[in-house]
Amino acid sequence: MFERRKTRTVEVGNVKMGSGHPVVIQSMTKTDTADAALTAGQIRLLEKAGCEIVRLSVKDMRSAEAVEDIKKETTIPMVADIHFDHKLALEAIRRGADKIRINPGNMQKEQDVAEVIDAAKEKKIPIRVGINSGSLLEKVTGKTATADAMVASLVKYLEYFRKRDFNDIVVSLKASDVKTTVEAYRKASDECDYPFHLGVTAAGPPRDGVVRSSVGIGTLLMEGIGDTIRVSLTGDPVEEVDTAKRILSSTGSRRFGPDVISCPTCGRCQVDLISLVEELEKRLSADTGADLTIAVMGCEVNGPGEAKAADIGIAFGKGKGAIFKQGKIVKTVDASCAIDELLAMIGKEQEREL
Ligand code: SF4
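Residues numbered from 1 in each chain as written. Predicted model: local features only at pLDDT ≥ 70, side-chain atom pairs only at ≥ 80, totals over all residues. Heavy atoms only, no water.

(A) Inspection of the side chain of glutamine 26 at higher detail. By secondary structure assignment, the location of glutamine 26 is in strand β3 (residues 24-28). Those residues in contact with glutamine 26, other than ones at most four positions away along the chain, are Met17, Cys51, Ile53, Val79, Lys99, His197, Thr228, Ile229 and Arg230. (Helix = DSSP H or I, 4+ residues; strand = E, 2+ residues; numbered from the N terminus. Contact = heavy atoms within 4.5 Å.)

(B) Broad picture of the packing of helix α3 (residues 86-94) against helix α4 (residues 110-123). Orientation of α3 relative to α4, taken along the N-to-C sense of each, is 5°, at an axis distance of 9 Å. Relative to α4, α3 is oriented roughly parallel. In this structure, α3 uses His86, Ala89, Leu90, Ile93 and Arg94 to contact α4, whose residues at the interface are Asp112, Glu115, Val116, Ala119, Ala120 and Lys123. Broken down by class, the residue content of the contact of α3 with α4 amounts to six nonpolar, one polar and four charged. (Axes fitted to C-alpha atoms, helices over the stretch in contact; angles between N-to-C directions. Parallel < 35°, antiparallel > 145°, perpendicular 65-115°, else oblique. Nonpolar A, V, L, I, M, F, W, Y, C, P; charged D, E, K, R; others polar.)

(C) Local environment of the domain arrangement of the chain. Along its sequence, the chain is carved into domain 1 (10-250) and domain 2 (259-347). In this structure, domain 1 and domain 2 have C-alpha centres spaced 40 Å apart. (Domains from an automatic or database assignment.)

(D) Helix α7 (residues 206-222), seen in detail. With 17 residues, α7 ought to run about 24 Å at 1.5 Å a step, and its terminal C-alpha atoms sit 22 Å apart, in line with that. Taken together, the buried positions of α7 are occupied by Gly209, Ser213, Gly216, Ile217, Gly218, Leu220 and Leu221. Among the structural elements, α6 (178-188), β9 (197-198), β10 (228-230) and α8 (237-250) are those in contact with the buried residues of α7. (Expected span 1.5 Å × (residues − 1). Buried < 20%, exposed > 50% of the residue type's maximum accessible area, 1.4 Å probe, protein only.)

(E) Main features of the pattern of salt bridges. Scanning all chains against the criterion turns up 28 salt bridges. Residue glutamate 159 pairs with lysine 156 through a salt bridge whose shortest N-O separation is 3.4 Å. Highlighted residues: glutamate 159 and lysine 156, both in helix α5 (residues 147-163), separated by three residues, approximately one helical turn. The exposure class assigned to lysine 156 is partly exposed, which follows from its relative accessible area of 26%. Of the charged contacts in the structure, one is a salt bridge between arginine 246 and aspartate 242, with a shortest N-O distance of 3.0 Å. Of this pair, arginine 246 and aspartate 242 both sit in helix α8, separated by four residues, roughly a single helical turn. The exposed category is assigned to arginine 246, whose relative accessible area is 51%. One continuous salt-bridge network, built from bridges that share partners, spans Glu68, Glu91, Arg94 and Arg95. (Salt bridge = Lys/Arg side-chain N within 4 Å of Asp/Glu carboxyl O.)

(F) A look at the site of the ligand. Taken together, the residues surrounding the ligand are Cys263, Pro264, Thr265, Cys266, Cys269, Gly298, Cys299 and Asn302. Its residues placed into classes, the shell around the ligand shows five nonpolar, three polar and no charged. (Near = heavy atom within 4 Å.)

(G) Broad picture of α4. Taking 1.5 Å of rise per residue, 14 residues should cover 20 Å, and α4 covers 20 Å from first to last C-alpha, within 8% of that figure. Elements in contact with the buried residues of α4: α3, β6 (99-102), β7 (127-132) and α5. Count one or two residues on from α4 and you reach lysine 124, which has phi positive near 55°.

(H) Main features of the sheet that holds strand β5 (residues 78-82). The parallel open sheet is built from eight strands, whose spatial order is β8-β7-β6-β5-β4-β3-β10-β9. Strand pairing shows two members of the sheet lacking a second neighbour, β8 (169-174) and β9, which therefore form its edges. Examined bridge by bridge, β9 and β10 share two bridges and lie parallel to one another. Following the sheet pairing, leucine 198 is matched in β10 by isoleucine 229. (Pairing = 2+ DSSP bridges.)

(I) Quick peek at the nonpolar core. By size, the foremost hydrophobic cluster in this structure holds 72 residues, and its most contacted members are Ile82, Ile100, Phe161 and Leu173. In terms of residues, this core owes the most to one element, α5, which gives nine residues. If we skip the residues at most four places from it in the chain, leucine 173 touches Ile131, Met150, Val151, Leu154, Thr181, Ala184, Tyr185 and Ala188. With 22 residues, the next largest nonpolar core counts Leu276, Val333, Ala335 and Ala338 among its residues. (Core = buried A, V, L, I, M, F, W, Y, C linked by side-chain atoms within 4.5 Å.)

(J) Seen up close, the pairing of β8. When you tally the buried positions in β8, you get six out of six residues, the bulk of the element. By the alternation rule, side chains of β8 split into Ile169, Val171 and Leu173 and Val170, Ser172 and Lys174, which are all buried. Pairing of β7 with β8 involves six bridges; the strand directions are parallel. Each bridged residue has a counterpart across the sheet, and for isoleucine 131 the counterpart in β8 is leucine 173.

(K) Spatial organisation of the packing of aromatic side chains. All chains considered together, the criterion is met by four aromatic pairs. With a centroid separation of 5.9 Å and an interplanar angle of 55°, the aromatic rings of tyrosine 157 and phenylalanine 161 are classed as tilted. On the criterion of helical spacing, the pair formed by tyrosine 157 and phenylalanine 161 is a turn pair, its members being four residues apart in helix α5. Taking the relative accessible area as the measure of exposure, phenylalanine 161 reaches 0% and is therefore buried. A centroid spacing of 6.1 Å and a plane angle of 50° characterise the contact between phenylalanine 161 and phenylalanine 166, whose relative ring orientation is tilted. Take phenylalanine 161 and phenylalanine 166: they sit in the same class, and that class is buried. (Phe/Tyr/Trp six-rings, centres within 6.5 Å; stacked < 30°, edge-to-face > 60°.)

Next up, the structure:
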């Protein structure tokens, strides 16, 4: 397991964030925040999917005021996303936001930032300094949005916070290209010990966005960088949460139930492996929340070997499947009832672990 970058701990509502705590999943609502009922409904869907902190865009005073009503209808901590007008941040804080996100490029006047810092300090809530390559602090950058410019923007902006002795900070440095994003986080990790919120901004529609986010966020997590993640997709926010869980699971950062590994199949496979794996995945989520790694292989060429790394596995032959436990055959079954048999074995294994 990789070593996490050491950070301070920041509390967002009842969720602790930082190197001593699991990497937190975030998403963002896509409703008009001023419509409190609609927004609260979307938050509940996100929470059910596994979202642990939700961000809302606060674009006007009606949205800031709605924070209070939304909070009454939901349970996960809420982050108010503010651009341009610091008074919206002050109102969102007053209405009970658990965290504020501000963008140095869009809130540049030190006096305005100071008022937000003081209000957050009084309410004991954190602020995310959300650097975005599309809107950097003019004083230090001026020109192109390189990783160096993003980090220079961060360092300069953090001075406003240090002057007021405020350290309840989370940092993000998002660009829409993966390389700049990864470079910016790597460079910034030498500049401060605040928890990092990871994401690739404007990652795109789901097919591209999932890949870009997985590469960017995954690379950083594998280097021990990152304390909370948000996958940005032009699509259903529930899909953002699902992708975030898969990234955390694939990088070994967290587990959310069973991991199924399966071969891609080839000419050696003599069963309909795609259907069998689909059936297994459906029935695993419906029937059991096993914390196991399960291998499903199309033939015995690599089957037993791959299954050694799994808790349980099955390798198919012609009309038959050999079930393995830690690489040893425990049973040979008919392919037609292979998934039933495998699930029964998984159930027994779970009972044994309890
Ligand atoms: Fe092909 Fe067998 Fe490998 Fe699956 S396990 S890809 S069927 S050789």
